[in-house]
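Descriptive structure summary
Here's the letter readout for the chains.
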Amino acid sequence: MPITKAILLVGGEGTRLRPLTLSTPKPMLPLAGYPITAHQIAKLAAAGITEVMLATSYRTEVFADWLAQQDYLDLQIKFAIEEVPLGTGGAIRNAADHMNLSDDESVVVLNGDVLSGHDLTQQLTQYAAAKAAASLHLVSVADPSSFGLVPTSDTGEVLAFLEKPKNAAEITTNQINAGCYILHCDVINQISQGVPSSVERDVFPALLTTKAKVIGYLDNTYFLDLGTPYSYVQGSADLVTGKVSSPLITKTGQAVIHPTAKVDPSAMVFGGSVVMAAAEISAGAVVSGSIIFENAKIDVNSQLFDSILGRNSKINSDLILTKIVVAENCTINTEIPAGVRVWPNLELTTN
Ligand code: GTP
């Protein structure tokens, strides 16, 4: 039976991305000018998906307001809202319960915060050929020490779901879960209803104990977990420069500049930067690998590298700033160290 339905897991609070996620849920943050969720939906549609269930919990209204302005002609997009967050496992069950799945149907499940160049159509083909109960996109990483590990057999069957390794001896594979699954409805029906659970820590390990066929789809083309400010800004830049593709991005280059943004001819904007609507980059300014939100401003001769400047925020003149995160409505009058995150509505000045 063809797979035409998908669940997008978008209900997390995105704590690692605060303060950006205080007002905007992580999957609604813009990546190369479009919400992460819009890229995910486009990827699903390109693989033949026609119905997408957004599994939300945190700030559902932001998704709803955005969706109301979209024109998805060939797609049905719906919401399954959790009154209390059910974790990634419980969220899948809750979403599936809203989907009218038939007895032999399988669905695609995507983490809402992953940017990947993996070939979902290939994963679907491999899953159908293997007659598996579940498939996971896996990637090999250079340093797997901070991830749960997913070893597979020679024929690609998942052997175990191992917790984060505590020492080098426990690193038996460099394969990790990349957050895109195909699940048969029988697997989903084994998840308890209304009870928080984790798909990685609870659902998949339990599944292996039932001897179900769980396969890995290893595809190392491009993978980034957008969970931290620096990976988020990196992912956006990689889409702008074409290091990874999205059906929504048809032209790549050094920067995306909104038609209503003002960039002085003497300013330099490059490295995959995005300058959003009504933002202003003044004379002599340099912006590299950064995201400048709507109506933000960088004053004359200031330089910003690998950073995020929130909506209506301003960096005053002659400052050099690297790897900072500034939320909305802030004014920065002084240089601050890399790694600093500025909460909304603040003015930073040296005495
Ligand atoms: P952190 O708080 O920074 O860890 O972020 P997160 O919890 O939002 O994301 P995490 O990487 O832990 O979760 C992976 C994906 O699952 C993200 O797209 C989340 O939005 C989503 N997610 C996490 N918890 C829930 C939940 O309880 N319900 C739903 N519907 N989605 C969830």
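Residues numbered from 1 in each chain as written. Predicted model: local features only at pLDDT ≥ 70, side-chain atom pairs only at ≥ 80, totals over all residues. Heavy atoms only, no water.

1. A few points about the site of the ligand
Stated precisely, the cut-off is as follows: Summary of the distance rule: residues count as near a molecule or strand when at least one heavy atom falls within 4 Å of that molecule or strand. Polar contacts, as counted here, are pairs of nitrogen or oxygen atoms within 3.5 Å of one another; within protein the pair requires one atom able to donate a hydrogen and one able to accept it, and residues that are adjacent in sequence qualify only if both atoms are side-chain atoms. Only the protein chains shown count as cover for residues, and the accessible areas themselves come from Shrake-Rupley with a 1.4 Å probe. The pocket and cavity definitions rest on a 1 Å grid over protein atoms only: a 1.4 Å probe that fits but cannot leave marks a cavity, an open set with protein on both sides within 12 Å along at least five of seven lines marks a pocket, and residues lining either have an atom within 4 Å of a point. Pocket occupancy is defined atom-wise: a molecule lies in a cavity or pocket when more than half of its atoms are within 2 Å of its grid points.
Around the ligand lies a shell of 19 residues, among which Leu9, Thr15, Arg16, Glu82 and Gly87 are the nearest. Contacts to the ligand include threonine 15, whose side-chain N or O atom sits 2.5 Å from an oxygen atom. With respect to the ligand, the backbone of glycine 112 contributes an N or O atom lying 2.9 Å from an oxygen atom. For the ligand, whose free accessible area comes to 610 Å², the fraction covered by protein is 82%. Comparing atom positions with the cavity grids shows the ligand to sit within the largest pocket.

2. Brief notes about the domain arrangement of the protein
Operational definition: Residue ranges labeled as domains rest on an automatic or database domain assignment. The contact definition used throughout considers only heavy atoms, calling two residues in contact when any of these lie within 4.5 Å. Two parts placed together each lose some accessible area; with a 1.4 Å probe, that loss summed over both constitutes the buried area. Think of a salt bridge as a Lys or Arg side-chain nitrogen and an Asp or Glu carboxyl oxygen that are within 4 Å of each other. Strands are runs of DSSP state E lasting at least two residues, helices are runs of H or I lasting at least four, and both sets are numbered from the N terminus onward.
The assigned domain composition of the protein is domain 1 (5-225) and domain 2 (254-348). Spacing between the C-alpha centres of domain 1 and domain 2 amounts to 33 Å. At the junction of the two partners, domain 1 supplies 10 residues and domain 2 supplies 12 residues. For the pair domain 1 and domain 2, the two sides together bury roughly 870 Å², of which 71% comes from carbon and sulfur. Looking at the side of domain 1 facing domain 2, the largest losses of area belong to Pro19, Leu20 and Pro30, adding up to 52% of the total buried there. For the pair domain 1 and domain 2, the interface holds 0 salt bridges. Counting across the domain 1 and domain 2 interface gives 3 residue pairs in polar contact (both at pLDDT 80 or more). Looking at the side of domain 1 that touches domain 2 element by element, the count peaks at 3 residues for helix H1 (residues 20-23).

3. Quick notes on the nonpolar core
To keep it simple, the criterion reads: What makes a nonpolar core is a set of buried Ala, Val, Leu, Ile, Met, Phe, Trp, Tyr and Cys residues whose side-chain atoms join them at distances within 4.5 Å. Burial classes: relative accessible area under 20% of the type maximum marks a residue as buried, over 50% as exposed, and values in between as partly exposed (1.4 Å probe, protein chains only).
Among the nonpolar cores identified, the biggest contains 29 residues, and Ile7, Ile92, Val109, Leu136, Leu183 and Phe204 are the most heavily contacted of them. Counting residues per element, the ones that place at least two in this core are strand S1 (5-9), strand S4 (51-56), helix H4 (87-97), strand S6 (106-111), strand S8 (134-140), strand S9 (175-184), helix H6 (185-189) and helix H7 (199-209). What phenylalanine 204 contacts, discounting residues up to four positions off in sequence, is Leu136, Phe161, Tyr181, Leu183 and Val199. One finds Val52, Trp66, Val108 and Ala130 within the second-largest nonpolar core, a separate group that totals 27 residues.

4. Description of the sheet that holds strand S22 (residues 314-315)
As a reminder of what qualifies: A strand pair is defined by DSSP finding two or more bridges across the two strands.
As summarised here, the arrangement of the 6 strands in space is S13-S16-S19-S22-S25-S27, forming an open sheet in which the pairing is parallel. Bordering the open sheet on either side are strand S13 (262-263) and strand S27 (347-348), each of which pairs with just one other strand. Sheet topology note: the strand S19 (residues 297-298)/S22 ladder contains 2 bridges and is parallel. Bridge pairing in S22 links isoleucine 298 to isoleucine 315.

5. A short note on the sheet that holds strand S20 (residues 303-305)
Strand pairing within a sheet occurs via backbone hydrogen bonds; the two strands may be parallel or antiparallel. Spelled out, the test is: For helices, the fitted axis covers only the stretch in contact; all axes are lines through C-alpha atoms, and the angles between them, taken along N-to-C directions, range from 0 to 180 degrees.
Taken together, the 4 strands give an open sheet; going across it, the order is S14-S17-S20-S23, and neighbouring strands pair in parallel fashion. Both outer strands of the open sheet, strand S14 (268-270) and strand S23 (320-322), are each paired with one neighbouring strand and no more. Across the sheet, the mean angle separating the axes of adjacent strands is 5° when strand polarity is ignored. As judged from the 3 bridges shared by S20 and S23, these two strands associate in the parallel manner. What sits directly across from glutamine 303, in S23, is isoleucine 320.

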